[in-house]
Every structure is written in C-alpha cells, then in structure tokens.
Amino acid sequence: MRAPRKKPTRKIAPDIAARLGHHFSLQIQPDGNIAAILGDYSVNLGQFSAAAMDCARHLSTGLPLASFAGKSALARDVDALVHRLARQGLLEYRLSSSRNTQDFVVIEPQVPEYWPRRAKLGSRDTIVLSRFAFLRRRGNELVLESPRAGALFRIGDPAIAATLAALSQPRTIGKLDQKTASSTLHLLELLLDSQILLKLDAKDGQGLRVNEGDGNLVLWDFHDLVFHTRSTEGRQANPVGAAFTYAGVVPPSPAVRPPWAGSKIDLRKFSSPEPNSGFPKLLRERHSTRDFDDKNPVTLGELAQFLDTSARVLSEWKSEPYFEGGPDVTYSTRPYPSAGSAYELELYLTVANCDGLARGLYHYDAGSHALVAINASPQQLQAHLAAAQFAMDAPGQPQILITIAARFGRVSWKYSSIAYSLILKDVGSLIQTLYLSATDMGLGGCAIGSTNIDLFAKMTELEFHIEGPVGQFALGRGRTPEVQG
Ligand SMILES: Cc1cc2nc3c(=O)[nH]c(=O)nc-3n(C[C@H](O)[C@H](O)[C@H](O)COP(=O)(O)O)c2cc1C
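Cut-off values and rules
- Residues numbered from 1 in each chain as written.
- Predicted model: local features only at pLDDT ≥ 70, side-chain atom pairs only at ≥ 80, totals over all residues.
- Pairing = 2+ DSSP bridges.
- Helix = DSSP H or I, 4+ residues; strand = E, 2+ residues; numbered from the N terminus.
- Axes fitted to C-alpha atoms, helices over the stretch in contact; angles between N-to-C directions.
- Contact = placed C-beta atoms within 7 Å.
- Near = placed C-beta within 6 Å.
- Nonpolar A, V, L, I, M, F, W, Y, C, P; charged D, E, K, R; others polar.
- Parallel < 35°, antiparallel > 145°, perpendicular 65-115°, else oblique.
- Left-handed = near helix turned anticlockwise from the far one by under 90°.

**Student:** Help me get a handle on the sheet that holds strand S17 (residues 345-351), residues and values and all.
**Tutor:** Sheet architecture is open: six strands sit in the order S20-S19-S17-S21-S23-S22, paired in antiparallel fashion. Either end of the sheet is taken by a strand with one partner, and the two such strands are strand S20 (370-374) and strand S22 (444-448). Strand-to-strand twist of the sheet, defined as the mean angle between neighbouring strand axes without regard to direction, takes the value 30 degrees. Against the sheet, helix H11 (residues 419-440) touches S17, strand S21 (400-407), S22 and strand S23 (467-476), its axis set at about 15 degrees to S23. Along the sheet face, helix H12 (residues 453-460) touches strand S19 (360-365), S20, S21 and S23 and points at about 95 degrees away from the line of S23.

Set out below in structure tokens:
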C-alpha cells in the first residue's frame, strides 16, 4: 500500500495592516486638514486628497501596508499620512493569517520611528531568542517585549508562545516543524528586525550572553536594561510621571510616617535650634527654582565656578588589579561620593541662555575642567529644553539644562545585579551637590525626574545602552519675586 501523500502545507503569510490606536478617530477639519481625535485632544496631520482620505478610513479596522506600497500619487499620499500618524505614536500594526481573520499578533510601537520591517530569513538560518526578550501578562493579554526592541508584540495565539519558548535554544528555520515555520515566518522576520530574535553565524556560538551585541551590551544584566528603558521616556509608550493610575484604589501615604509605638527619646532638648556653622543654613535655604530671570542669565564665569565646586575631577589615581591577570583600574576623586569610586556620571549641558556661551549642547570634561561643544540640531535642542520646561510645569525654559548621563559599563564591569541601582543612588548624591552649589552661589536649580533617553541618543549619537541620561538638573538665575507696591 502506498503511504498517503502528505498534504502540502499552505503558505499562510500574515498580512500586516496599520490600524489607528484605541479610541482615536480621523476627522476632516473645516479647513480641509485631517486630524486625529481622542476626546478633546486633536493632532493635525495636514491636508490630503479626498482619495487618500477614503483609503485612510480603513485605518479604523486595518489598512494593509501593501495597499499603499506602490509609486502612484495616491499611494505616496496615503504613505505620507500613515507615516505621519506613526510618528505621532497613533498607530499599531495587526498581523492576521489568511486562515484566521483574528489578530494573531498586534505590534505596538515604543519609539516614534518604528515601522514594521522584516529581516529576511532563509531555511538555513539559525535563530534564537535574545536574552533580553520576555513574555508577560498585561491585563488579559500576553505581550512579548525587549528593552532593545522598538516595538512590543501582543501575542493573540498561544501557539506562537510555544514557538517562542522553543527558541530559547538556537534552531535552524529549515528544521522548525513545517506548520510553525510557514505560519510564523513573517513574524519571526519582524522579531529579528526588532532584535527580539538573533540570527547566529558560526562565530556567534550558541547566542549566549557574550555572543549578543557589543561588549557594552554584555555588561548589562537583564533587569537593569529593562529598568533603564521602562523607568523613563523615549523607548516606551506607557504613560510616564504623575498619572495617579491607582489613586482611586489605594489612598495616598502620609507625608510623615506614623511613629512606632515604642518609648520615645525627644531629641529637641539635645540639638541647638541655632546653626553653629554655615552648612545648616545652606541646607535650609536650598529649594527648587523653576522660574528663571531671562534678562539676567547665568554668566559663563558663574557656570565655570558652579562646575568647579560641584563636579570637577580633583585628583586621579590607579588601583592594583582586582584579580590575577586583571588590568590596572584608574580612579578619580570628585566633590561628591560615588559607589565604588566609579564616577561614571557625565554632565551634558544644553545651554539656552548663558551670558558668554552660545546656545548649544556641551559636554563637561571634568578631567580638564572644560566644555566641549557637540553638534545637536536646533530642533533637538528645542525639544530637549521644552520637555524640561514641561516636566517642571515652568513658565519658561531653564537657562542651562544639565543632563546627567551614565557610562553604564564603568559600574557594571565590576558590579552584577546592583549596577543600575548604584548608578541611580550616585545620581541622588550628585543632584544634592548641584542644589547646594547653586544655592551657595545665589543661583536657582531644580531636579527633573525623567529624561527622553531616545532624544539624547539622537543628539549625541551615543547608543542608549553605552552612555545615557539617568537624571537632569535645570540651572539658572531665579527670578526675584516682584515687590507688590
Ligand atoms: C529625584 C528628583 C526628581 C525630581 N523631579 C522633578 C520634576 O520632574 N519636576 C519638578 O518640577 N520638580 C522635580 N523635583 C523637585 C521636587 O519637586 C522638589 O525637590 C520637592 O518638591 C521639594 O521642594 P524643594 O526642592 O523646593 O525643597 C525632583 C526632585 C528630585 C530629588
């Protein structure tokens, strides 16, 4: 008897379609412009032809990317509209298989430039999951994320989760089971483009930690890179900052902790209310200043003094190797403390208004006490300063915005598991030093809790995992309150 012929597997190519994010709709404005609307919020997208608008209507359910990939005037018009929506973070992308009309995967962009691209895979290619990839429950959905990826993937079909689990070990495409390979190849190509999957060459070994990315990436622990990208703006689409998300569920904690029930030693009779040095006075005078006097900006001389007091390298030295055959390690001493004496923090100054110093971006070379200009575009400078103004809810931009960036590898070369947490603690001690120096000089300053790490990477052309923002401080001459007459 002849064996029954194997049924040919149908190639099920998932279609990628762009779709407007939840709750957004498109509206033609009276002046002919198209706007994306969410409640009272509206984003103007510009003017488009009536035919383009007709196509755009499909964005509420899903407009296949292939439908406007051509070179016709209409395709170009629709393409411009869709890209504009994408840059505003208003789109997601659904993948469905031709067998099933349900979304089997939805891609949620996390950076404005994300566009679904497939990195080609052939049957001889070997792939494995990145060690930074993780699957987790979000609400009632399963999401696949990675701090390296420009998008996260909502997984609608449990079979895909099983395929991903199998990719914890390197697998060759040709050896994946046929059904899996044909139904998920496009998805695997999208995941490869997003660095959620790696393609391995012979030199890449098993795709383990030392085989993924450059030396700087090797030094990152998984939780540290997730923490860095998910705890500030730039590489994620979640709301950041004072969103009061569960304020209706959990009451606020009190300003001062209720005392323990044990016996109390009243310290008031031991400490003097009168300061016996200038330091307590300086501490009590320190406060945040968000409103700056732009008619009397900080001078270059004051800035030089401020940096000298708070951040200059005071001396340099070298330690013996930590282990046999290890390198000598160089160290420095500076005015503020730093875990392990690492001094990984760098100051980048975005100067908006400083007497004697041109508007622009500068790096403070703490070793030679000098400022080095960095080419950043006027638009980037404006966006960076405007974000700081917004974060402070201030009436104007800071005169000088100091971005504290970490050379992450300086700390993680030595410390495992606690590297990122040490860096954030170092930021705290530097910020207090900046506050006190500013106060002592009669200047004003304010810490800023969140920075756009993606914008900084573009301004400096430094990769986000090599050196990037971990804190900010706005500096300027505070406006003297007008005397009421
Ligand atoms: C880590 C940190 C982050 C902060 N982030 C912001 C911020 O994003 N926007 C802002 O206006 N103030 C920010 N502040 C300033 C605080 O709001 C301020 O220190 C606090 O209200 C106490 O007021 P004072 O500094 O005047 O004593 C930050 C302070 C710290 C220490």
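**Student:** Let's hear about the site of the ligand: which residues, and what values?
**Tutor:** Looking at the ligand, the residues that line it are His287, Ser288, Arg290, Ala391, Met392, Ile431, Cys446, Ala447, Ile448 and Gly449. Elements represented by at least two residues in the shell around the ligand include exactly helix H9 (378-392) and S22. Tallying contributions element by element places S22 first for the shell around the ligand, with three residues. Within the shell around the ligand, the residues separate by chemical class into six nonpolar, three polar and one charged.

**Student:** Describe the packing of H9 against H12, with residues and values.
**Tutor:** Between H9 and H12, the shortest axis-to-axis distance is 10 Å and the interhelical angle comes to 150 degrees. Here H12 runs roughly antiparallel to H9, going by the angle between their axes. The way H9 lies across H12 gives a crossing that is left-handed. Across the interface between the two elements, Gln380, Ala383 and His384 from H9 touch Leu455, Lys458 and Met459 from H12. Of the residues contributing to the contact of H9 with H12, the split by class is three nonpolar, two polar and one charged.

**Student:** Run through the packing of helix H8 (residues 300-311) against H11, naming residues and quoting values.
**Tutor:** Direction vectors running N to C along H8 and H11 enclose 135 degrees, while the axes themselves pass 9 Å from each other. Put simply, H8 runs oblique to H11. The interaxial crossing formed by H8 with H11 has right-handed handedness. On H11, the residues that touch Phe306, Thr309 and Ser310 of H8 are Thr433, Leu434, Ser437 and Ala438. Residue composition of the contact of H8 with H11, grouped by class: three nonpolar, four polar and no charged.

**Student:** How would you sum up the sheet that holds strand S12 (residues 171-172)? Please name residues and give values.
**Tutor:** Spatial ordering of the open sheet is given by S12-S8-S13, a layout of three strands whose pairing is antiparallel. Looking at the sheet topology across the chains shown, the edges are occupied by S12 and strand S13 (197-200). Here strand S8 (residues 126-129) runs beside S12; their pairing, made up of two bridges, is antiparallel. By the bridge assignment, isoleucine 127 is partnered in S12 with arginine 171. Set on the sheet, helix H4 (residues 178-193) makes contact with S8 and S13; between it and S13 the angle comes to about 90 degrees.

These figures capture arrangement, not role.
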